[in-house]
Amino acid sequence: MEQQFPMIQVMNNDGELVMTEYREQITKELAMTFYRHLMRTRTFDRKCVSLQRQGRIGTYAPYEGQEAAQVGSALALKDDDWLFPTYRDHGATMTFGHSLTRILLYWRGRNEGCVPPNGKKIFPPSVPIATQLPHAAGAAYAEKRKGTKNAAIVYFGDGATSEGDFHEGLNIASVFQAPVVFFNQNNQYAISVPITKQMNSQTIAQKALAYDIPGVRVDGNDVLAVYFETQKALERARNGEGPTLIEAITWRYGAHTTADDPTKYRNQDESKKRRELADPIQRLERFMKREGFWDETWAQSVQEEVGREVEQAITEMENYPEAKSDDMFDYVFAQPTWTIEQQKNEYNAWKRGSIR
Amino acid sequence: MTMAVKTNTLTLVQAVTDAMRTMLRERDDVLVLGEDVGKNGGVFRATDGLQAEFGEDRVIDTPLSEAGFTGAAIGMAVNGFRPIVEIQFLGFIYPAYEQIMTHASRIRSRTMGHFTVPIVIRAPYGAGVRAPEIHCDSTEALFTHMPGIKVVCPSTPYDAKGLLIAAIEDPDPVLFLEPMRCYRSSREEVPEGKYTIEIGKGKKLREGDDVTVIAWGAMVPVAMKAAEEAAKKGIQADVIDLRTLYPLDRDLIAESVQKTGRTVIVQEAHATGGVANDIVSIINDTSFLYQKAPVERVTGFDVPVPFFALEDYYLPTPERVLHAIEKAVKF
Ligand SMILES: Cc1ncc(C[n+]2csc(CCOP(=O)(O)OP(=O)(O)O)c2C)c(N)n1
């Protein structure tokens, strides 16, 4: 199966272009765009981990190490496409145009974090594993029914492939020939459970065979490979050729969430090794240097610019108006039912009375 | 009982571990399965050390597949094992809901007792710990409504251990709800080795003649706090920790509310369709003529458990309970 689904690399760990047919397409400008987004997502993620430690946001799910998979795939989308993320995919959503402030609000326990910027078809992060796959199939099918060329991408982890919703989502999409890309980030762990205990299959891509849809394995730390393969899958989708399953092989360097201690179940030296060998950002940097695209002062300015942007978002998050208790009552139905109406009124009356 | 029993000072989550360890030692047919229960010892450390002691065949890390491993546990249970299934958070039990609703709970009755399902499904539940969305549900009533499964919900370490052992020994499926908020909030002396607490029996935590306050799980400390505040105002409350939500301890409820004639029920879950309503029915059926005031219910609202920025507004507080107590007493 590993032969049948070889891992596609466009550049190797040394940043050497191994699929030279792409040389023309990878302009300096495109490489700079990738780099900027990789730096932006990493800066944001690290900042979130430290905000959590300082108690300024709640439990947080970091994605450091997975940036190329998220950035490469999200940059392949067109403005009118749909994006269905999990809790670990805000690297993808911010690349696709989500607001950093709102993403931060999500981690601060605010519903505002589930509301995308106007016009952006970004679904709230799915917390129950794999449940978003059928949604993406449906949203994509709706685009097809409406006769548009829009597609959907849905993110999920290796663990998610064990849930029924994964299989049901792929099957429905296949039967409906829905224009959807199932984008798996195989970071090789579901909390503490390694992929070898998660499945007895050698690849995730091969699961596409059962639904008779294309299955592709890419090096998820190779932003170029991710970008081009996602683009091809989206192209097939737009052309009426149905869904694709992409397995992007990657690694999360850190904890599952800030509430998790990875040293309980794995040797973190592995993360160190992978960071040295296959870090997605360093790899692109090496590539850019080889191709003569690199400019140290520019890289410096990118770092400063994304740092400022993240700080600005944090300020906005912290100055955001307080959450109001009415909010929990007001959005359950278009028209509140009498029980909710009554509970809200009684609660507010009690609150007023209790302010003595 | 004069024999000195050795005890350990344990938190609720440690008592849960202790119960499983005790039963894994005692019976070969007991096994534990779920997500991250092995090396990681569970995301709350409830299975800490169990895989090291009992091996990977008895403490099993499963794929991320609630329907799959709950269904497999049913298959193992009909075929000689006593699986203890860990659902990582109650909010993630829904993929397994079908297995529980259409199979675990009714295999005995469908087969007139030929096949039985002695499984325990453990799940941490509840809000108030600043957890992300869906990690905070308290949907016990979805299961108390379900015929054929018992629902247990301890609030203290001692009860947790005795009830979990009773659940493991029970011949029928038991949903064992563990209040996350109480996991490490207090410690108490817990006897070593095996002891059981009868499923279906509540416990009186405090004696008082003026009002009965009934709670379970994470609402027990809230009810107690309110009762203490009420006492400062001269109102003496009976406080009942139900401990089991199906079947309810009808006799304990009736005995208390016949004495006090006034009742406040504290429920973390949404109001509509909740266990509190079943308690009102019991009061109605057993003690109608003793009542001096309408039964007060202090509950969560008919809204999805809000994100944590709003969870303090959602959760019943000692202040809200005290208000209800005063309302009942002044009626
Ligand atoms: C239905 C369900 N069960 C359990 C959980 C608890 N949980 C949260 S993340 C996670 C592991 C997910 O692993 P994977 O799909 O590989 O994605 P990753 O977190 O590695 O990105 C688990 C078990 C959940 N969120 N939903």
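Residues numbered from 1 in each chain as written. Chains lettered and ligands numbered in written order. Predicted model: local features only at pLDDT ≥ 70, side-chain atom pairs only at ≥ 80, totals over all residues. Heavy atoms only, no water.

- In the annotation of an unreviewed UniProt entry, the entry for chain B reads Alpha-ketoacid dehydrogenase subunit beta, and the organism field reads Anoxybacteroides rupiense.
- If you open the UniProt record of chain B and go to Cofactor (unreviewed entry), you find "thiamine diphosphate". (UniProt positions renumbered as here; feature names shortened; annotations may be inferred.)

- Per an unreviewed UniProt entry, chain A goes by Pyruvate dehydrogenase E1 component subunit alpha and derives from Anoxybacteroides rupiense.
- Per UniProt, chain A has the following entry under Subunit (unreviewed entry): "Heterodimer of an alpha and a beta chain."
- UniProt's Function (unreviewed entry) comment on chain A is quoted here verbatim: "The pyruvate dehydrogenase complex catalyzes the overall conversion of pyruvate to acetyl-CoA and CO(2). It contains multiple copies of three enzymatic components: pyruvate dehydrogenase (E1), dihydrolipoamide acetyltransferase (E2) and lipoamide dehydrogenase (E3)."

**A few points about the overall build of chain A**
Part 1: Helices and strands together make up the secondary structure of chain A, namely 13 helices and nine strands.
Part 2: Here the C-alpha atoms of chain A give a radius of gyration of 21 Å, agreeing with the 21 Å that 2.2 N^0.38 yields for 356 residues.
Part 3: Overall, the C-alpha framework of chain A stretches about 75 × 50 × 40 Å when taken along its three principal axes.
Part 4: The burial tally for chain A puts 56% of its 356 residues in the buried class.
Part 5: At a minimum sequence separation of 6, the contacts of chain A that also span at least 24 residues come to 74%. (Helix = DSSP H or I, 4+ residues; strand = E, 2+ residues; numbered from the N terminus. Rg over C-alpha atoms; globule rule 2.2 N^0.38 Å. Buried < 20%, exposed > 50% of the residue type's maximum accessible area, 1.4 Å probe, protein only. Contact = heavy atoms within 4.5 Å.)

**A look at the nonpolar core**
Part 1: Val264(B) and Ile279(B) are the most contacted members of the largest nonpolar core, which totals 141 residues.
Part 2: Counting 50 residues, the second-largest nonpolar core is a separate cluster that includes Tyr35(A), Met39(A), Ala74(A) and Trp298(A). (Core = buried A, V, L, I, M, F, W, Y, C linked by side-chain atoms within 4.5 Å.)

**Brief notes about the sheet that holds strand E14 (residues 296-299) of chain B**
Residue and element names in this part refer to chain B.
Part 1: Ordered in space as E9-E11-E10-E13-E14, the five strands form an open sheet in which the pairing is mixed. In this open sheet, the two strands that pair with only one neighbour each are strand E9 (203-206) and E14. Across this sheet, the average inter-strand angle for adjacent strands is 25°, counted without regard to direction.
Part 2: Pairing between E9 and strand E11 (residues 237-241): three bridges, direction antiparallel. Looking at the pairing, Lys203 lines up with Asp241 of E11. (Pairing = 2+ DSSP bridges. Axes fitted to C-alpha atoms, helices over the stretch in contact; angles between N-to-C directions.)

**Here we look at the interface of chain A and chain B**
Part 1: Taken together, the contact between chain A and chain B spans 39 residues of the former and 38 residues of the latter.
Part 2: Between chain A and chain B, roughly 3100 Å² of surface is buried when both sides are summed, and carbon and sulfur atoms account for 62% of that area.
Part 3: Among the residues chain A hides against chain B, the three largest losses belong to Lys264(A), Met328(A) and Trp350(A). Together they make up 20% of the total.
Part 4: Taken together, the links from chain A to chain B amount to three salt bridges.
Part 5: Linking Lys197(A) and Glu56(B) is a salt bridge whose minimum nitrogen-to-oxygen distance equals 3.8 Å.
Part 6: The interface formed by chain A and chain B contains nine residue pairs in polar contact (both at pLDDT 80 or more).
Part 7: With five residues, helix H13 (residues 338-354) of chain A is the largest single contributor of residues to the side of chain A that touches chain B.
Part 8: Of the residues contributing to the side of chain A that touches chain B, the split by class is 19 nonpolar, 11 polar and nine charged. (Buried area = accessible area lost by both parts, 1.4 Å probe. Salt bridge = Lys/Arg side-chain N within 4 Å of Asp/Glu carboxyl O. Polar contact = N/O pair within 3.5 Å; in protein donor to acceptor, adjacent residues only side chain to side chain. Nonpolar A, V, L, I, M, F, W, Y, C, P; charged D, E, K, R; others polar.)

**Some details on the environment of Ile103(A)**
All names here are of chain A.
Part 1: Within the fold, Ile103 resides in helix H4 (residues 100-107).
Part 2: For Ile103, a relative accessible area of 5% translates into the label buried.
Part 3: Non-local contacts of Ile103, meaning those with residues more than four positions away in its chain, are made with Phe44, His90, Thr93, Met94 and His98.

**A short note on the sheet that holds strand E5 (residues 180-186) of chain A**
All names here are of chain A.
Part 1: Taken together, seven strands build an open sheet; the order of strands is E1-E8-E9-E5-E4-E2-E3 and the sheet is parallel. Lying at the two open borders of the sheet, with one neighbouring strand each, are strand E1 (7-8) and strand E3 (121-122).
Part 2: Two elements, E5 and strand E9 (residues 244-249), share six bridges in a ladder whose sense is parallel. Bridge pairing in E9 places Asn184 opposite Glu247.
Part 3: The strands touched by helix H6 (residues 164-176) are strand E4 (152-157), E5 and E9; relative to E5, the strand with the most contacts, the crossing angle is about 150°.

**Notes on the packing of helix H1 (residues 28-53) of chain A against H4(A)**
Two packed helices can be described by the angle between their axes and the distance between those axes.
All names here are of chain A.
Part 1: Their axes nearest at 12 Å, the elements H1 and H4 cross at an angle of 30°. As far as their axial angle goes, H4 and H1 are roughly parallel. Helix-helix and strand crossings are classified by hand; for H1 and H4 the assignment is right-handed. For the pair H1 and H4, the contacting residues are Arg40, Phe44, Cys48 and Leu51 in the first and Leu100, Ile103 and Leu104 in the second. (Parallel < 35°, antiparallel > 145°, perpendicular 65-115°, else oblique. Left-handed = near helix turned anticlockwise from the far one by under 90°.)

**Focus: empty space enclosed by the protein**
Part 1: The tally for this structure, following the rule as stated, stands at two cavities of 30 Å³ or more.
Part 2: A volume near 110 Å³ is recorded for the largest cavity.
Part 3: Around the largest cavity, the lining is made up of 15 residues, and of these His90(A), Thr93(A), Ile103(A), Gly113(A) and Pro125(A) lie nearest the centre.
Part 4: At the level of elements, helix H3 (90-96) and H4 of chain A are the ones that each hand at least two residues to the lining of the largest cavity.
Part 5: Its residues placed into classes, the lining of the largest cavity shows nine nonpolar, five polar and one charged.
Part 6: The wall of the second largest cavity is formed by Gly58(A), Thr59(A), Tyr106(A), Trp107(A), Gly109(A), Arg130(B), Ala131(B), Pro132(B), Glu133(B), Phe307(B) and Phe308(B).
Part 7: In the lining of the second largest cavity, the residues fall into six nonpolar, three polar and two charged. (1 Å grid on protein atoms, 1.4 Å probe; cavity = no way out; pocket = protein on both sides within 12 Å on 5 of 7 lines; lining within 4 Å. Points joined across faces, edges and corners; volume = space filled by probe spheres on them.)

**Topic: the environment of Gly91(A)**
Part 1: The residue Gly91(A) is located in helix H3 in this model.
Part 2: For the pair Gly91(A) and Tyr211(A), spaced 120 residues apart in sequence, the C-alpha separation works out to 29 Å.

**Comments concerning the site of the ligand**
Part 1: Neighbouring residues of the ligand: 20 residues in total, closest Tyr87(A), Arg88(A), Val127(A), Gly159(A) and Glu66(B).
Part 2: Within the backbone of Ile129(A), a nitrogen or oxygen atom sits 3.1 Å from a nitrogen atom of the ligand.
Part 3: For the ligand, the protein covers 96% of the area, taking 580 Å² as the surface of the free molecule.
Part 4: Taken together, the residues of the shell around the ligand break down into 10 nonpolar, five polar and five charged. (Near = heavy atom within 4 Å. Areas by Shrake-Rupley, 256 points an atom, 1.4 Å probe, with all protein chains shown as cover.)

**Focus on the domain arrangement of chain B**
The accessible area lost on association of the parts is a frequent measure of interface size.
Residue and element names in this part refer to chain B.
Part 1: Partitioning chain B into structural domains gives domain 1 (7-191) and domain 2 (203-330).
Part 2: In this structure, domain 1 and domain 2 have C-alpha centres spaced 26 Å apart.
Part 3: Taken together, the contact pairs 27 residues of domain 1 with 26 residues of domain 2.
Part 4: Taken over both partners, the interface formed by domain 1 and domain 2 buries close to 2200 Å², and the fraction arising from carbon and sulfur atoms is 54%.
Part 5: Inspection of the region where domain 1 meets domain 2 yields four salt bridges.
Part 6: Measuring nitrogen to oxygen at the nearest pair gives 2.8 Å for the salt bridge that ties Lys203 to Asp159.
Part 7: For the interface between domain 1 and domain 2, the tally reads 12 residue pairs in polar contact (both at pLDDT 80 or more). (Domains from an automatic or database assignment.)

**Considering the packing of aromatic side chains**
Residue and element names in this part refer to chain A.
Part 1: Following the criterion strictly, the structure yields 27 aromatic pairs over all chains and no others.
Part 2: Plain terms: the ring middles of Tyr189 and Tyr265 are 5.9 Å apart, the flat faces sit at 40° to each other, and that makes the pair tilted. A residue pair is termed long-range when its members are at least 10 positions apart, and Tyr189 in strand E6 (residues 189-190) and Tyr265 in the loop between E9 and helix H9 (269-278) qualify at 76 residues.
Part 3: Of the residues examined, Tyr265 reaches a relative accessible area of 4% and is grouped as buried.
Part 4: Consider the rings of Tyr227 and Phe228, whose centres lie 5.2 Å apart with planes at 70°: the pair is edge-to-face.
Part 5: With a relative accessible area of 11%, Tyr227 lands in the buried category.
Part 6: We classify Phe228 as buried; its relative accessible area is 4%.
Part 7: Positioned above the aromatic ring of Phe96, the side-chain terminus of Lys120 is 4.0 Å from the ring centre.
Part 8: Geometry around Tyr189 places Arg266 over its ring, the cationic atom sitting 4.8 Å from the centre. (Phe/Tyr/Trp six-rings, centres within 6.5 Å; stacked < 30°, edge-to-face > 60°. Lys NZ or Arg CZ within 6 Å of the ring centre and 35° of its normal.)

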